[in-house]
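The residues making up each chain are set out below.
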Amino acid sequence: AQSVTQLGSHVSVSEGALVLLRCNYSSSVPPYLFWYVQYPNQGLQLLLKYTTGATLVKGINGFEAEFKKSETSFHLTKPSAHMSDAAEYFCAVSEGDSNYQLIWGAGTKLIIKP
Amino acid sequence: DAGITQSPRHKVTETGTPVTLRCHQTENHRYMYWYRQDPGHGLRLIHYSYGVKDTDKGEVSDGYSVSRSKTEDFLLTLESATSSQTSVYFCAISESPDANTGELFFGEGSRLTVL
């Protein structure tokens, strides 16, 4: 079965510094890949996704992620962290074509230091 | 923001009591989902619905039942709550079941504590 690993349950960066949140998956077949963000006391919202085509995907709020098939990774980056980026970030991978088959990572809480 | 309302938002109950969580949407989306979120596990799918009276089990359905009598409402019931069901429960909706095109929209969650 598919698995999704997010390295680090908590990541702390200074405001203005690079944000790097790591996601690795286990499938040998190129899946659909997603990053969702959960702000405090809110539901999750889609940040970006990779389905087909360009492997560098841009999302909302200046985030982007690159699908690297050889490394089975889909790491999330942002060049310069802002205080408003403090949230929990979830990577998800589809085992198949449907939303019923999404496998979620355990989440990484991003902490922004002033 | 997608119109998804979960109720109650917080509930404390005792072991063995029945609990029903409600998800109400105003988007007229056909597909609805119930997830639970636990530390270290991310989200896990409990049940989903692909139309009125059409539901199916997800990854962690034991101890849960669902009903969907109207497009806008999806109910999650714990017939006899156990401490292992202490969790945050999220409802989600989508227009399409396709992971490619059917973006999930989430409610704000319902925090359930079973003592």
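Up top is the structure these notes are about.
Engineer: Can you walk me through the overall build of chain A in this structure?
Structural biologist: What chain A contains, in helices and strands, is zero helices and eleven strands. Seen in sequence order, chain A has helices and strands lined up from the N terminus as β-β-β-β-β-β-β-β-β-β-β. The C-alpha atoms of chain A give a radius of gyration of 13 Å, which matches the 13 Å a tight globule of 114 residues would have. Summarising its shape, the C-alpha atoms of chain A cover approximately 40 × 30 × 20 Å along the three principal directions. Taken across its 114 residues, chain A has 48% of its residues classed as buried. With 8 positive and 8 negative side-chain charges, chain A shows a separation of 3 Å between the mean positions of the two kinds.

Engineer: Would you take a moment to explain the interface of chain A and chain B for this structure?
Structural biologist: The figure often quoted for interface size is the accessible area lost as the parts come together. Contacts between the two partners involve 22 residues from chain A, matched on the other side by 26 residues from chain B. Overall, the association of chain A and chain B removes approximately 1800 Å² of surface from exposure, summing both partners, and the carbon and sulfur fraction of that is 55%. Counting the surface chain A buries against chain B, the share from its top three residues, N99(A), Y100(A) and W104(A), is 39%. Viewed at the interface, chain B and chain A are joined by zero salt bridges. Summed over the shared surface of chain A and chain B, the result is nine residue pairs in polar contact (both at pLDDT 80 or more). Contributions of two or more residues to the side of chain A that touches chain B are made by strand 4 (33-38), strand 5 (44-50), strand 9 (87-94) and strand 10 (102-104) of chain A. Across the side of chain A that touches chain B, the residue classes break down as ten nonpolar, nine polar and three charged.

Engineer: How should the state of the cysteines be read in this particular structure?
Structural biologist: Joining two cysteines, a disulfide is a covalent bond between their sulfur atoms. Within the structure shown, the criterion is met by two disulfides over all chains. The disulfide bridge from C23(A) ends at C91(A), spanning 1.9 Å between sulfur atoms. Residues C23(A) and C91(A) are joined through a disulfide that is left-handed, its torsion about the S-S bond being -65 degrees. In this pair, C23(A) sits in strand 3 (residues 19-25) while C91(A) sits in strand 9, placing the two residues 68 residues apart along the sequence. On the accessibility criterion, C23(A) (0% relative accessible area) is buried. Paired by a disulfide, C23(B) and C91(B) hold their sulfur atoms 1.9 Å apart. The S-S bond linking C23(B) to C91(B) shows a torsion near -70 degrees; that makes this disulfide left-handed. With C23(B) in strand 3 (residues 19-25) and C91(B) in strand 9 (residues 87-94), this residue pair connects regions lying 68 residues apart in the sequence.

Engineer: Quick question: what am I supposed to make of the packing of aromatic side chains here?
Structural biologist: The relative placement of two aromatic rings is captured by the distance of their centres and the angle of their planes. Counted according to the given criterion, the structure contains 15 aromatic pairs over all chains. Connected via pairs of aromatic rings, a cluster forms that spans F34(A), Y36(A), Y100(A), W104(A), Y33(B), Y35(B), Y48(B), Y50(B), F90(B) and F106(B).

Engineer: Any chance you could explain the nonpolar core here in plain terms?
Structural biologist: Within soluble globular proteins, side chains that are nonpolar generally end up buried alongside one another. Ranked by size, the top nonpolar core spans 27 residues in total, and within it W35(A), L48(A), L76(A) and Y89(A) carry the most contacts. The set of elements that each furnish at least two residues to this core consists of strand 2 (10-14), strand 3, strand 4, strand 5, strand 7 (64-68), strand 8 (73-78), strand 9 and strand 11 (108-113) of chain A. With residues up to four places along the chain from it excluded, the contact list for Y89(A) reads Q6(A), L21(A), W35(A), Y36(A), V37(A), L47(A), F63(A), L76(A), G107(A), T108(A) and L110(A). One finds L46(A), W104(A), Y48(B) and A99(B) within the second-largest nonpolar core, a separate group that totals 21 residues.

Engineer: Hey, could you run me through the sheet that holds strand 6 (residues 56-58) of chain A in this one?
Structural biologist: Each strand in a sheet pairs with its neighbour through backbone hydrogen bonds, running either in the same direction (parallel) or in the opposite one (antiparallel). Residues and elements named next belong to chain A. Spatially, five strands are ordered 1-3-8-7-6 in an open sheet, and the strand pairing comes out antiparallel. Each end of this open sheet is capped by a strand with a single partner; those strands are strand 1 (4-7) and strand 6. Across the sheet, the mean angle separating the axes of adjacent strands is 20 degrees when strand polarity is ignored. Here strand 7 runs beside strand 8; their pairing, made up of five bridges, is antiparallel. In the strand pairing of strand 8, E66 is matched with H75.

Basis of the calculations
- Residues numbered from 1 in each chain as written.
- Chains lettered and ligands numbered in written order.
- Predicted model: local features only at pLDDT ≥ 70, side-chain atom pairs only at ≥ 80, totals over all residues.
- Heavy atoms only, no water.
- Helix = DSSP H or I, 4+ residues; strand = E, 2+ residues; numbered from the N terminus.
- Rg over C-alpha atoms; globule rule 2.2 N^0.38 Å.
- Buried < 20%, exposed > 50% of the residue type's maximum accessible area, 1.4 Å probe, protein only.
- Lys, Arg positive; Asp, Glu negative; His and termini not counted.
- Charge placed at Lys NZ, Arg CZ, Asp CG, Glu CD.
- Contact = heavy atoms within 4.5 Å.
- Buried area = accessible area lost by both parts, 1.4 Å probe.
- Salt bridge = Lys/Arg side-chain N within 4 Å of Asp/Glu carboxyl O.
- Polar contact = N/O pair within 3.5 Å; in protein donor to acceptor, adjacent residues only side chain to side chain.
- Nonpolar A, V, L, I, M, F, W, Y, C, P; charged D, E, K, R; others polar.
- Disulfide = S-S within 2.5 Å.
- Phe/Tyr/Trp six-rings, centres within 6.5 Å; stacked < 30°, edge-to-face > 60°.
- Core = buried A, V, L, I, M, F, W, Y, C linked by side-chain atoms within 4.5 Å.
- Pairing = 2+ DSSP bridges.
- Axes fitted to C-alpha atoms, helices over the stretch in contact; angles between N-to-C directions.

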